[in-house]
Amino acid sequence: DTPDGRDVESSEILIGHFDQTRLRDYLQLLSSAREPYRNYTIYSFVHEGHTVRVSLLDAGKVAVTNMASPEPMHGIIDRSLKPSTGPVLLSHYSDVPFGSLAWLIDRIPNKPDNVQLPGGFAITLPAEAVAVGSLRYTGSLLLRADVFAQSEAQARQIVDSANSHLALVRSIGQFIKTKGPDQDIKAAFDSLQATQKENVAIFTATIPQSILKKIWSEAQSQGAIPAAPAR
């Protein structure tokens with residue numbers, strides 16, 4: 001009951017089979033506000049004098065509250081990430097692309113760190129963000145890093161900063177016009193992209209097979225990789 005005894009507040013976790021895409025699209029249209037919280041999205045709208053909050057916990061669970069404070073919804077999400085479902089960082093394993101040859105999940109330390117870009121430039125990542133890196137091979141080597149920020153605004157800041165640095169490095173490269181640049185390396189550098197999806201900053205790059213062959217050949221010539229035995 002509410003303090004004045006005239007109304008009732010409640011929270012529910014609905015368990016079943018949901019069309020996540022349709023439900024998410026519906027909530028985006030219905031909601032008047034969205035709050036990112038621990039890599040979940042909380043959709044809010046007003047109904048019969050209550051602030052209703054909805055969050056998709058996973059493929060089969062949806063949490064709903066109609067309380068004035070957002071804390072009950074935060075508590076539901078916090079409890080859904082308790083050790084019974086595994087360490088919090090491992091909850092990001094589902095974000096690792098299928099078929100990855102190698103992957104890394106790490107939390108940015110409390111002291112913001114710098115990510116070095118070619119040309120001596122760097123971008124600063126916010127503390128407590130979670131990064132998911134992966135390598136895939138599809139004829140070329142596909143590199144991807146997803147940085148899960150605390151908010152959409154924070155993710156936008158990361159992407160804007162990265163794109164500003166990349167644009168500056170590329171413009172300097174065009175201005176200098178170094179003689180005889182390696183076209184394969186130029187293509188790999190040009191493939192660097194920074195995009196945003198909600199509270200996630202996404203970095204991708206493609207390393208062509210030709211570069212991998214050059215690296216392999218140089219390693220063999222320097223004796224880093226033994227040659228295959230003669231038959």
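The rules behind these values
Residues numbered from 1 in each chain as written. Predicted model: local features only at pLDDT ≥ 70, side-chain atom pairs only at ≥ 80, totals over all residues. Heavy atoms only, no water. Helix = DSSP H or I, 4+ residues; strand = E, 2+ residues; numbered from the N terminus. Contact = heavy atoms within 4.5 Å. Areas by Shrake-Rupley, 256 points an atom, 1.4 Å probe, with all protein chains shown as cover. Pairing = 2+ DSSP bridges. pLDDT = per-residue confidence, 0-100.

Caption draft 1: A look at the overall build of the chain. The number of helices and strands found in the chain is five helices and 12 strands. Contacts in the chain between residues at least 24 apart in sequence constitute 51% of all its contacts with a sequence separation of at least 6. Summed over its atoms, the accessible surface of the chain is roughly 14,800 Å², and 56% of this surface lies on carbon and sulfur atoms.

Caption draft 2: The arrangement of the pairing of strand E9 (residues 130-137) in detail. Relative to E9, strand E6 (residues 102-107) is paired through six bridges, and the arrangement is antiparallel. Each residue of the ladder has a partner; that of Leu104, found in E9, is Gly133. Note: E9 against strand E10 (residues 141-148), eight bridges, orientation antiparallel. Pairing of Val132 across the sheet is with Asp146, part of E10. Where E9 folds back on E10, the antiparallel hairpin that results is connected by three residues, among which Gly139 adopts a positive phi of roughly 100°.

Caption draft 3: The arrangement of the confidence of the model for the chain in detail. With 80% of its residues at a pLDDT of at least 70, the chain reaches an overall mean of 81. Mean pLDDT per element in the chain: strand E7 (residues 113-117) is the minimum at 54, and strand E5 (residues 61-65) is the maximum at 95.

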